[in-house]
Amino acid sequence: MTLAAPPALVESGLLKHMLPRFSLKTGVRVTIAEDGDLALTDTPPGSPVFSRGAVVYFMDAPSTPAAERFVTWLLSDVG
């Protein structure tokens, strides 16, 4: 599965910290790509999944088991 994200978020290192933990826990590999299956953006549409400072990030994801698992994990205490 691939994930598109704003450059500032990618450069922050947060995704390099977060994605391997998700993959280790679930066995689902997520890589960062410019045009991903999932889109993590700092503007709607999508579901709000977390905030970083004053910026709220939204997940625009297809209705697939892997995508739903990722969103559920992000919203969990562990994520």
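To be clear, the structure that these remarks concern was listed above.
Anyway, here's the lowdown on the structure attached to this text.

Criteria and cut-off values
Residues numbered from 1 in each chain as written. Predicted model: local features only at pLDDT ≥ 70, side-chain atom pairs only at ≥ 80, totals over all residues. Heavy atoms only, no water. Phe/Tyr/Trp six-rings, centres within 6.5 Å; stacked < 30°, edge-to-face > 60°. Helix = DSSP H or I, 4+ residues; strand = E, 2+ residues; numbered from the N terminus. Buried < 20%, exposed > 50% of the residue type's maximum accessible area, 1.4 Å probe, protein only. Polar contact = N/O pair within 3.5 Å; in protein donor to acceptor, adjacent residues only side chain to side chain. Core = buried A, V, L, I, M, F, W, Y, C linked by side-chain atoms within 4.5 Å. Contact = heavy atoms within 4.5 Å. Pairing = 2+ DSSP bridges. Axes fitted to C-alpha atoms, helices over the stretch in contact; angles between N-to-C directions.

## Section: the packing of aromatic side chains
Next up, step 1: The full count for this structure, using the stated rule, is four aromatic pairs.
Next up, step 2: Note on Phe-22 and Phe-70: the rings are 4.9 Å apart at their centroids and 80° apart in plane angle, and the pair reads as edge-to-face. In this pair, Phe-22 sits in helix H2 (residues 14-26) while Phe-70 sits in helix H3 (residues 65-75), placing the two residues 48 residues apart along the sequence.
Next up, step 3: The exposure class of Phe-22 is buried, given its relative accessible area of 0%.
Next up, step 4: By way of ring pairs, the aromatic residues Phe-22, Phe-70 and Trp-73 are connected into one cluster.

## Some remarks on unusual backbone geometry
Next up, step 1: In this model, Pro-44 is joined to Pro-45 through a cis peptide bond whose omega is 15°.
Next up, step 2: Within the secondary structure, Pro-45 is located in the loop between strand S3 (38-41) and strand S4 (47-52).

## Structural notes on the environment of Thr-72
Next up, step 1: Note on placement: Thr-72 falls in helix H3.
Next up, step 2: Accessibility expressed as a relative area gives 54% for Thr-72, which makes it exposed.
Next up, step 3: Through-space distance from the C-alpha of Thr-72 to that of Val-49 is 9.3 Å; in sequence the pair is 23 residues apart.
Next up, step 4: A distance of 2.9 Å separates the side chain of Thr-72 from the backbone oxygen of Glu-68, its partner in a polar contact.

## Focus on the environment of Ala-54
Next up, step 1: With respect to the helices and strands, Ala-54 occurs in the loop between S4 and strand S5 (55-60).
Next up, step 2: Each C-alpha atom of the pair Ala-54 and Pro-44 lies 15 Å from the other, and the pair is 10 residues apart in sequence.

## So, the nonpolar core
Generally speaking, nonpolar side chains in soluble globular proteins are found buried as a group.
Next up, step 1: Of all hydrophobic cores here, the largest spans 20 residues; its most connected members are Leu-3, Leu-15, Leu-40, Met-59, Phe-70 and Leu-74.
Next up, step 2: Taken together, the elements giving at least two residues each to this core come down to H2, S3, S4, S5 and H3.
Next up, step 3: With five residues, the top contributor of residues to this core is H3.
Next up, step 4: With residues up to four places along the chain from it excluded, the contact list for Leu-40 reads Leu-3, Ala-4, Ala-5, Pro-6, Leu-9, Leu-15, Val-49, Phe-50, Tyr-57, Phe-58 and Met-59.

## Topic: the sheet that holds strand S1 (residues 2-4)
Next up, step 1: Taken together, five strands build an open sheet; the order of strands is S2-S1-S3-S5-S4 and the sheet is mixed. Each edge of the sheet is formed by a strand with only one pairing partner; in this case those strands are strand S2 (31-32) and S4.
Next up, step 2: Relative to S2, S1 is paired through two bridges, and the arrangement is parallel. Residue pairing for S2: Leu-3 is matched across the bridge by Ile-32.
Next up, step 3: Across the sheet, H3 is in contact with S1, S3, S4 and S5; its angle to S4 comes to roughly 45°.

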